[in-house]
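# Analysis of the macromolecular model
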Amino acid sequence: MSTETRTFDAQALWQKDKDHFIHPFTDYSLFHEKGCDLITDSDGIYVEDVHGNRFIDGIAGLWCVNVGHGRAEIGQAMAEQATRMAYFSTFNNLSNAPAAELAAKLAELAPENLNHVFFSSGGSAANDATVRLVHYVFNRLGKPSKKRILSRRNAYHGTTYLAATLTGIESNNWDFDTLDHLVTHLSEANLYRRPKGMSEAEYCNHLVAELEESITEIGADNIAAFIAEPIMGAGGVLMPPRDTMPACRRYAAPTASSLSPTKSSPASAAWATSSPPKRSSIPNRTSSTAPRDSPPATRPWAPP
Ligand SMILES: Cc1ncc(COP(=O)(O)O)c(C=O)c1O
């Protein structure tokens with residue numbers, strides 16, 4: 001735990017939380033009575049509550065503290081960047097040094113032709129942005145009917161309007177509105193609870209056949225994408241049968257990056273020969289921040 005000694009007025013903190021904090025995914029009949037357990041400290045895989053009780057943080061925050069709590073080097077890098085420049089927009093033709101560095105690093109780590117990065121501030125917003133971009137690409141390709149997203153029952157994709165619709169955990173959406181015309185849910189991929197008597201390979205074929213039937217029924221011309229967790233997380237940490245993802249992937253259209261006209265796959269040939277509407281007729285609303293003709297002169301900059 002942190003070596004710095006901090007004291008908490010446990011009762012006052014509990015009261016502030018109970019009086020003012022709207023918690024997601026919370027049973028309010030219980031919350032009104034008992035409030036929340038307040039976690040105040042952490043170290044590696046452990047967290048500690050306001051009373052000094054220690055727990056193993058089994059799912060790493062919410063699957064997001066994968067390198068463990070209290071990593072001094074990460075804290076230091078964050079502090080250095082925050083004091084140097086807290087934030088700068090990347091809209092239009094602006095950018096900032098850490099964003100450019102991170103995009104290049106992720107492109108280096110990502111497989112094959114995944115070379116371009118679009119940042120968002122969380123998983124739900126990332127999924128919303130992905131669907132918007134997929135729809136946008138098909139609109140530009142002259143295929144505006146390709147809108148439906150296939151997902152899985154018990155999948156978890158987030159809490160924004162569209163990400164909540166992509167999510168297949170029924171109770172998450174009780175009494176909320178959803179964008180049902182955009183999403184069709186297939187079975188969960190749950191090897192442990194597969195139909196009785198099915199082998200792993202048969203179960204894989206069964207899931208793939210269901211995908212194929214759905215594509216036939218809805219029509220490929222009306223489907224934009226299939227979103228699926230490799231291992232379904234919030235739905236119960238469900239292992240799929242081996243080979244499910246590669247087998248489903250065979251039905252996929254080329255990835256956005258393989259649509260680049262510079263790539264040489266058959267799919268990219270289709271992209272290169274199709275004619276998206278010309279942009280020249282669209283007024284340039286960003287002329288004050290038009291792209292530079294040449295890169296800016298080199299100035300020393302090192303990541304914090
Ligand atoms: C697979 C998956 N997608 C999306 C999300 C939503 O991410 P966020 O909570 O950052 O919006 C989560 C969150 O746990 C997730 O597990």
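A few points on the structure. (Residues numbered from 1 in each chain as written. Predicted model: local features only at pLDDT ≥ 70, side-chain atom pairs only at ≥ 80, totals over all residues.)

Per the secondary structure count, the chain includes 10 helices and 6 strands. The buried share of the chain, reckoned over its 304 residues, is 13%. (Helix = DSSP H or I, 4+ residues; strand = E, 2+ residues; numbered from the N terminus. Buried ≥ 20, exposed ≤ 12 C-beta atoms within 10 Å, placed from the backbone.)

With that settled, consider the site of the ligand. Close contacts around the ligand come from L62, W63, G122, G123, S124, N127, Y156, H157, G158, E229, G233 and A234, and that covers them all. Mapped by element, the contributors of at least two residues to the shell around the ligand are α3 (60–63) and α6 (123–140). Class assignment of the residues belonging to the shell around the ligand gives a composition of 4 nonpolar, 7 polar and 1 charged. (Near = placed C-beta within 6 Å. Nonpolar A, V, L, I, M, F, W, Y, C, P; charged D, E, K, R; others polar.)

The end-to-end C-alpha distance of helix α4 (residues 72–84) is 18 Å, a good match for the 18 Å that 13 residues give at a rise of 1.5 Å each. For α4, a buried count of 0 out of 13 residues is recorded, marking the element as mostly open to its surroundings. (Expected span 1.5 Å × (residues − 1).)

To continue, consider the sheet that holds strand β1 (residues 39–43). Pairing is antiparallel across the open sheet formed by 3 strands, whose spatial order is β1-β2-β3. A strand with exactly one partner marks an edge of an open sheet, and here the two such strands are β1 and β3 (54–56). Neighbour to neighbour, the strand axes of the sheet diverge by 30 degrees on average, direction disregarded. (Pairing = 2+ DSSP bridges. Axes fitted to C-alpha atoms, helices over the stretch in contact; angles between N-to-C directions.)

Before going further, it helps to spend a moment on the nonpolar core. Within the largest apolar cluster, 20 residues are counted, with the highest numbers of intra-cluster contacts made by I149, A155, L166 and F226. Those elements giving two or more residues to this core turn out to be β4 (148–152), α7 (161–166), α8 (200–218) and β6 (223–226). Among the elements that take part in this core, α7 stands out by supplying 4 residues, more than any other. When sequence neighbours within four positions are dropped, the list of residues in contact with F226 reads L150, C248 and A252. (Core = buried A, V, L, I, M, F, W, Y, C linked by C-beta atoms within 7 Å. Contact = placed C-beta atoms within 7 Å.)

For I59, the location among the structural elements is in the loop between β3 and α3. The exposed category is assigned to I59, around which 12 C-beta atoms lie within 10 Å. Through-space distance from the C-alpha of I59 to that of I45 is 9.4 Å; in sequence the pair is 14 residues apart.

One ladder, built from 4 bridges, connects β1 with strand β2 (residues 46–49); its direction is antiparallel. Paired with S42 across the two strands is V47, which belongs to β2. Hairpin remark: β1 followed by β2, antiparallel, with 2 residues in the connecting loop; positive phi at G44, about 60 degrees.

Bringing the environment of E48 into the picture now. Along the chain, E48 falls in strand β2. Separated by 10 residues in the primary sequence, E48 and L38 have C-alpha atoms spaced 8.7 Å apart.

In spatial order, the strands read β5-β4-β6; together these 3 strands make up an open sheet with parallel pairing. Single-partner strands in this sheet number two, and they are β5 (183–186) and β6. The average angle at which neighbouring strand axes cross in this sheet is 25 degrees, direction not considered. Both β4 and β6 contribute to a ladder of 3 bridges, which runs parallel. Along β6, the bridge assignment pairs L150 with F226. Docked against the sheet, α8 engages β4, β5 and β6, running at close to 150 degrees with respect to β5.

The subject of this paragraph is unusual backbone geometry. The backbone phi angle of N92 is positive, close to 55 degrees, even though this residue is not glycine. Its location among the elements puts N92 in the loop between α4 and α5 (97–109). Overall, the presence of 12 C-beta atoms within 10 Å leaves N92 in the exposed class. Phi is positive for D243, close to 75 degrees, though the residue is something other than glycine. Take D243: it is sitting in the loop between β6 and α9 (244–249). Classification of D243 as partly exposed rests on a count of 13 C-beta atoms within 10 Å.

As a further point, take the environment of R148. For R148, the position within the fold is in strand β4. The exposure class assigned to R148 is partly exposed, which follows from the 19 C-beta atoms found within 10 Å. Once residues lying within four places of it in the same chain are set aside, the contact partners of R148 are L182, T184, I218, N222, I223 and A224.

Purely geometric numbers; function is a separate question.
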